[in-house]
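One letter stands for each residue in the lines below.
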Amino acid sequence: MSDIFGTPDQPVQPAPERRRRVLVPTLVTVAVLIFLGSIFTNIYTDRLWFSSVGYTDVFTKVLLTRIGMFAVFGLVFALVVMGSAYLAWRFRPENPPARRDDPAVRYRQALSPILRPVTIVGALVLAAFAGSVAQGQWQTFQLWRAGGSFGVTDAHFSRDIGFFVFDYPWFRFLSTFGFTTLIIAFVVTAFTLYVFGSIRVMGGIRVTRAAQVHLSVLVGIGLLLRAFGYYLDRFGYAVGNSSLFDGIGYTDAMARIPARNVLAIVAIVVALLFFAMIFLKSWTLPGLGLAGLLLASIVIGGIWPYAMQSFQVRPSEPDREGPYIAKNIEATREAYGVADSETEDYTAKTELTPEELAGSAESRVSSRLLDPTLISDAFQQLQQVRGYYTVPSTLDVDRYLLDGSDVPQDVIIAAREVDLAGLQESQRTWSNDHTVYTHGYGVIAAYGNQRGEQGEPVWAVQDIPPVGQIETDIPPRIYFGENSPSYSIVGRPAGADPIEVDIPRGGSSATDDGGTDGDAQATQNTYDGEGGVGIGNLFRQVLYAVKFNEPNIVLSDRVNSNSKILYDREPRQRVEKVAPWLTVDGDVYPAVVDGRVVWIVDGYTTSNSYPYSEHRSLRTATADTLTQNSAQAALPSDEINYMRNSVKAVVDAYDGSVVLYQWDEDDPILKAWMKVFPDTVEKKSDISEDLLRHLRYPVDLFKVQRDVLARYHVTDAQTFYEDGERWRVPSDPTQSGDSGVLQPPYYLTMSRPGANETPNFSLTSVFLPNSRQNLASFVSVNSEASSDDYGTMQILQLPSDTQVPGPSQIANQFETDSAVTQALLPFAQSNEARILRGNLLTLPVGGALLYVQPVYIQRSAGDGSFPVLQFVAVSFGEDVGFGTTLEDALANALGLQPPDIPTDTGDPVTGDDGGTEQPPADTGGKTTAQWLAEASAAYNAAQDALAAGDLSGYQSKIDEMNAAINGATESLNHPAS
């Protein structure tokens, strides 16, 4: 319609107020949809992941339990609070006074028009708050439902330990939740009564009869819950902490627990008085009762225990607390699995004949010389093959049957994993990162007690495809590992060419299908394993595009009907997801088992409710050099007082399958979880013989146990109280300065004095006396899973009148010994080399202790340098030996031969025998510059050979480089006249 001048009608613009009223609900709706969509995406993709590993029942039960607890406790909390508030509103006075100066009137006028939406929103907020708190207790609830008996009663209440571990935590949660609910309900109800006139404070406090009854009932119920809390407090002392020891002490038993009994009875009586307010109108009796309860809680619950502790216990504390300390010692040793540890007096004599020491060392010790923390670079440089492969910074120790022997040998092993950071920047495309470079290949292993001619590792398995002593039945591709990409998309349409880089062959040219320079000759592969989640349809592709915030998952042609997505690939993470009730060891290690590359993961069941047992922080107890350097994952900071290695888990490196095996068949906590999740844990008898050979005593359990044994090796209550026999774990002597970082335990093959004479794979550590540096004891645990003595812990306790040097003193002895100093002086003075000291191993030999430390030399210049094992230092008593092999070092310590050291101070070069030899006297007629030019050319040629996978050519060029450096050094020392 237009006017007579032809001007069209102008559209009516919506008022700003109206636009705001439409915009706000729209934005809220969009935000809610995004939030719900995110929750749906996470839940649905988690369900797909659990289905891909065969643990759907775990996902379903955990999800339903958490949803159920969220709904039930949220609903109960909201109903109690809002229901009480509704009753307060329902029985409000019909015509309450409306004085203008009364704040309640203003509140009432403001709330009355919006009372319904405020009530609904308040109920939803309260339900969400309470439900979120309750759903976090799903493990406590399930353990309460499935928990059984420990078969052992506690020392005070004569209740089965299972009550404290399974029942007490759940009852404590219910008590706390209920009491909190009543407090919130009381506050909200009182506010409602005040706003709507049932409680008036103007001109004096006045309460209607309905409000009086209402509040009295709430207080009565709260007092009953508090009485229940007093009853539970008695058991809380058994699992509580104190400054002297954990558990019930003399004052707890004689004052605090009886006081809680009295207070519980008084609280019930006072609750009945408040319930009587339904019939009575006076607050006098309930008020007096409540005042009496408060007074009793101060006098009986506070003053009486304090007076007893101060005037009766403290003056005679050793005698009063002695029986309770004994209970704490017994419970702590049992809870941490060290009750059966064998403590033996060890003479640690410092004088043996050469024949005794040599014979004992030869027959009793299979010393591992290679240091897993130092030889990673050697593995990386010599066996990396391509820049996009990597090994961990700290390798693992395992044992295998090698060279046709039926006796397992220590090996240092690592998985060769894919490393996207090793690609060139131009190669870092989405297609390369997630569809081409998808997996690593094989394992690398070296003999633990052998060295090559120039100090390099002697390989038990090497190259791609792997060759050596450890064979695999299938191509050992590693799709699931500790360094795998966040996600990879694998699978190709039928008949399509494979695109995943598999076995590098050398050569270089550009590729058009997402490959990269240097891999034109590489073989390609298409993943055909069972692992991974199928994303062949658009719905799943959209889900994962949202999950990983990556639209290419939907847009890329490489995602097809046969595609699978691999994610959550780290072995620890996979075990933690399928068994969320386990605490997983920080040291996951690869092994070749029954022809397949797998990862072995140790899982623990823990509790913080074992009566009388001492609490320990997992993070603090397991911290050492390896966790400090992130070479081993740090455990959570949970406070525990019970720990068992209940599960051995195996994660297949190719298909990602996870198998949980029951290891501790007597652990009641594991039995409870097996009831909660039936058919998720396999029987111990299902462990194959080959897998059993590679299982070992877990390092984090041992670290927690040695932390406990530092004080709880003492079993006499009086000695424990005096605390003069406390031990400590030494600082790592390989770290520079006084770092305070603890020395990690070491895996060694050795035989234990007084035990089996056959050397066994063992996990070892040492203790020092508190505030001193000499050795207090040597502790080891049999780590051979197939041995009848597996898990048997032996403590060799040294006499207090014998001063055996500790690790720091030995490290100082090695650094100041004249022969050692002379041998290492050329390297110390050289700007082209640095000295690296390996793990300092302590070995019981011939009734004494032998220290062994490998010494590595690394060329400082050049990216391709790596440490090589050049020397071995040993110490026995006051004698130090040094040589290029353990045998030479022992012979030197015995005085049978002089140390194998250079006689000139010129820079040495690595010789064919791994020792050192003098620079040649003849400079070959070349100048220093010519020698250095030859060294540079040889180095460049060596790197080219390494990049091409030509390891023999690489070693040859490195030899030429060393010879050229040798010539340059001689030319500098002896210039031509």
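Numbering of residues begins from 1 in every chain and follows the order in which that chain's sequence is written. Only residues with pLDDT of at least 70 get local features here, since the model is predicted, and only at 80 or more are side-chain atom pairs given and counted; chain-wide, interface and lining totals rely on the full set of residues. Side-chain metrics in this entry use all non-hydrogen atoms of the structure; hydrogen atoms and water are not considered.

**Considering the overall build of the chain**
A run of DSSP states H or I qualifies as a helix once it reaches four residues; a run of E qualifies as a strand once it reaches two. Both are numbered from the N-terminal end. Per the secondary structure count, the chain includes 27 helices and 38 strands. Looking at the chain residue by residue over its 977 residues, the buried ones come to 51%. Within the chain, contacts between residues at least 6 apart in sequence are counted, and of these 69% link residues at least 24 apart. Only carbon and sulfur atoms are counted for the fraction: they give 54% of the accessible area of the chain, which is about 43100 Å². Any residue under 20% of the maximum accessible area for its type is buried, any over 50% is exposed, and the rest in between are partly exposed; the area is computed with a 1.4 Å probe on protein chains only. Any pair of residues with heavy atoms lying within 4.5 Å of one another is described as a contacting pair. Exposure was quantified through the Shrake-Rupley algorithm and a 1.4 Å probe, taking into account, for residues, occlusion by the shown protein chains and nothing else.

**Quick word on the packing of aromatic side chains**
Geometry of aromatic contacts follows a simple scheme: Phe, Tyr and Trp rings, the Trp one being its six-membered ring, pair when their centres are within 6.5 Å, and the pair is stacked under 30 degrees between planes, edge-to-face over 60, tilted otherwise. Applying the stated rule across the entire model yields 47 aromatic pairs. Among the aromatic side chains, those forming a connected cluster through ring pairs are Phe73, Phe77, Phe141, Trp144, Trp170, Phe173 and Phe177. Over the aromatic face of Trp89 sits the side chain of Arg92, whose NZ or CZ is 4.1 Å from the ring centroid. When the NZ atom of lysine or the CZ atom of arginine is within 6 Å of a ring's centre and also within 35 degrees of its normal, the charge is said to sit over that ring.

**Focus on the sheet that holds strand β14 (residues 487–490)**
DSSP-based pairing: two strands are paired if at least 2 bridges between them are found. The strand order across the open sheet built from 3 strands is β14-β18-β17, with neighbouring strands paired in antiparallel fashion. Two strands close off the open sheet at either side, each with one partner strand: β14 and β17 (533–534). Sheet topology places β17 next to strand β18 (residues 564–567); 2 bridges connect them, and they run antiparallel. The partner of Gly534 across the bridge, within β18, is Lys564.

**A look at the sheet that holds strand β6 (residues 396–400)**
Strand order in the open sheet formed by 5 strands is β6-β7-β10-β11-β12, and the pairing between neighbours is antiparallel. Lying at the two open borders of the sheet, with one neighbouring strand each, are β6 and β12 (467–468). Orientation is described by axes fitted as lines to C-alpha atoms, over the contacting stretch for helices, and by angles from 0 to 180 degrees between their N-to-C directions. With respect to the sheet, helix α12 (residues 376–383) is in contact with β7 (409–415), β10 (443–451) and β11 (457–462), its orientation differing from that of β11 by roughly 60°.

**Observations concerning a negative patch on the surface**
The grouping of Asp57, Asp679, Glu682 and Asp686 at the surface amounts to a negative patch. By the secondary structure assignment, Asp57 is in helix α2 (residues 56–90). On the basis of relative accessibility, which here comes to 59%, the residue Asp57 falls in the exposed class. By definition, no residue in a patch forms a salt bridge, and every one has over 30% relative accessible area; like charges are joined within 9 Å, nonpolar side chains (Val, Leu, Ile, Met, Phe, Trp, Tyr) within 5 Å. A side-chain nitrogen of Lys or Arg and a carboxyl oxygen of Asp or Glu constitute a salt bridge if their distance falls within 4 Å. Positive charge is attributed to Lys and Arg, negative charge to Asp and Glu, and no charge count is given to His or to the chain ends. By convention, charge coordinates are those of NZ in Lys, CZ in Arg, CG in Asp, or CD in Glu.

**Remarks on a nonpolar patch on the surface**
A contiguous nonpolar patch, built from Val24, Val28, Val32, Phe35, Leu36, Ile39 and Ile43 and spanning about 600 Å² of accessible area, is present on the exposed surface. With respect to the helices and strands, Val28 occurs in helix α1 (residues 16–53). For Val28, a relative accessible area of 49% corresponds to the partly exposed category.

**Quick look at the packing of helix α3 (residues 103–111) against helix α6 (residues 161–195)**
Put simply, α3 and α6 touch, their axes get as near as 8 Å, and they point 100° apart. Relative to α6, the element α3 is oriented roughly perpendicular. For the pair formed by α3 and α6, the contact residues are Pro103, Ala104, Tyr107, Arg108 and Leu111 on the first element and Phe191, Tyr194 and Val195 on the second. Residue composition of the contact of α3 with α6, grouped by class: 7 nonpolar, no polar and 1 charged. Should an angle lie under 35 degrees it is considered roughly parallel, over 145 roughly antiparallel, and from 65 to 115 roughly perpendicular; all remaining angles are considered oblique. Under the scheme applied, nonpolar residues are Ala, Val, Leu, Ile, Met, Phe, Trp, Tyr, Cys and Pro; charged residues are Asp, Glu, Lys and Arg; polar residues are all the others, including Gly.

**Quick look at the environment of Tyr642**
On the secondary structure map, Tyr642 appears in strand β24 (residues 642–652). When residues no more than four places from it in sequence are discounted, the contact partners of Tyr642 are Phe150, Ala335, Tyr336, Thr605, Thr606, Ser607, Tyr610, Asp667, Pro668 and Ile669.

**Considering helix α25 (residues 886–893)**
Residue pairs three or four apart in sequence face the same way in an α-helix, which turns once every 3.6 residues. The element α25 is extensively covered by neighbouring structure, given that 6 of its 8 residues are classed as buried. Of all the positions in α25, only Leu886, Ala889, Leu890, Ala891, Asn892 and Ala893 are classed as buried. Just downstream of α25, Gly895 is the residue with a positive phi angle, here 80°.

**As for the packing of helix α8 (residues 250–275) against helix α10 (residues 317–335)**
It is at 7 Å that the axes of α8 and α10 come closest, and there the two elements cross at 95°. Judged by the angle between their axes, α8 and α10 are roughly perpendicular. Facing Tyr250, Ala253 and Met254 of α8, the residues of α10 in contact are Arg320, Glu321 and Tyr324. In terms of residue class, the contact of α8 with α10 is built from 4 nonpolar, no polar and 2 charged.

**Some points on the pattern of salt bridges**
One pass over the full model with this rule turns up 25 salt bridges. For Asp233, the salt bridge is made with Arg260, and the minimal N-O distance between the two is 3.5 Å. Separated by 27 residues along the polypeptide, Asp233 in helix α7 (residues 209–236) and Arg260 in helix α8 bring together distant segments of the chain. There is no split in this pair, since Asp233 and Arg260 are both buried. As a salt-bridge pair, Lys703 and Asp700 come within 3.6 Å of each other at their nearest N and O atoms. Pair noted here: Lys703 and Asp700 are both in helix α21 (residues 699–712), with a separation of 3 residues, about one helical turn. One network of salt bridges, with partners in common, ties together Arg172, Arg226, Asp233 and Arg260.

**Things to note about the side chain of Asp652**
Turning to its location among the elements, Asp652 is positioned in strand β24. Polar contact is the term for a pair of N or O atoms within 3.5 Å; when the atoms are in protein, one must be able to donate a hydrogen and the other to accept it, and sequence-neighboring residues count only if both atoms are side-chain atoms. Of note is the side chain of Asp652, whose polar atom sits 3.1 Å from the backbone nitrogen of Asp655. Look past the residues within four positions of Asp652 in its chain and what remains in contact with it is Phe480, Arg596, Val597, Val598 and Ser657.

**What to know about the confidence of the model for the chain**
Residue-level confidence of the predictor is summarised by pLDDT, bounded by 0 at the bottom and 100 at the top. A residue-level look at the chain finds 85% of positions with pLDDT of 70 or above and a mean pLDDT of 86. Segment residues 507–518: pLDDT under 50, and 23 contacts once partners within four positions in sequence are set aside and those in other chains are kept. Counting interchain partners and residues more than four positions distant, the pLDDT-below-50 stretch residues 902–922 has 54 contacts.

**Concerning the environment of Leu824**
With respect to the secondary-structure elements, Leu824 resides in helix α24 (residues 818–829). On the basis of relative accessibility, which here comes to 4%, the residue Leu824 falls in the buried class. With sequence-adjacent residues up to four places away left out, Leu824 is seen in contact with Ile835, Arg837, Val855, Phe871 and Phe882.

**Some remarks on the nonpolar core**
The term nonpolar core refers to a set of buried residues drawn from Ala, Val, Leu, Ile, Met, Phe, Trp, Tyr and Cys, joined through side-chain atoms within 4.5 Å. Core analysis: the largest hydrophobic core is formed by 206 residues, its most contacted members being Ile248, Phe379, Val575, Trp581, Leu660 and Val874. Sorting elements by how many residues they give to this core places α6 first, with 10 residues. Those residues in contact with Trp581 that sit more than four places away from it in its chain are Gln139, Tyr604, Thr605, Val647, Leu670, Trp673, Phe677 and Val681. Counting residues in each nonpolar core, the second largest holds 13 residues, with Tyr389, Val436, Tyr441 and Ala522 among its members.

**With respect to helix α19 (residues 668–676)**
For α19, the set of buried residues is Pro668, Ile669, Leu670, Ala672, Trp673 and Val676. In this structure, the buried residues of α19 make contact with α2, α5 (138–146), α6, β21 (596–607), β24 and β25 (658–662).

**Things to note about the pairing of strand β20 (residues 589–593)**
For β20, the tally of buried residues reaches 5 of 5 residues, placing the bulk of the element in the interior. Residues Tyr589, Ala591 and Val593 point to one face of β20 and Pro590 and Val592 to the other, with burial holding for every one of them. Pairing geometry for β20 and β21, over 5 bridges, is antiparallel. The partner of Val593 across the bridge, within β21, is Arg596. Between β20 and β21, which follow one another and run antiparallel, lie 2 residues, and Asp594 among them has a positive phi close to 50°.

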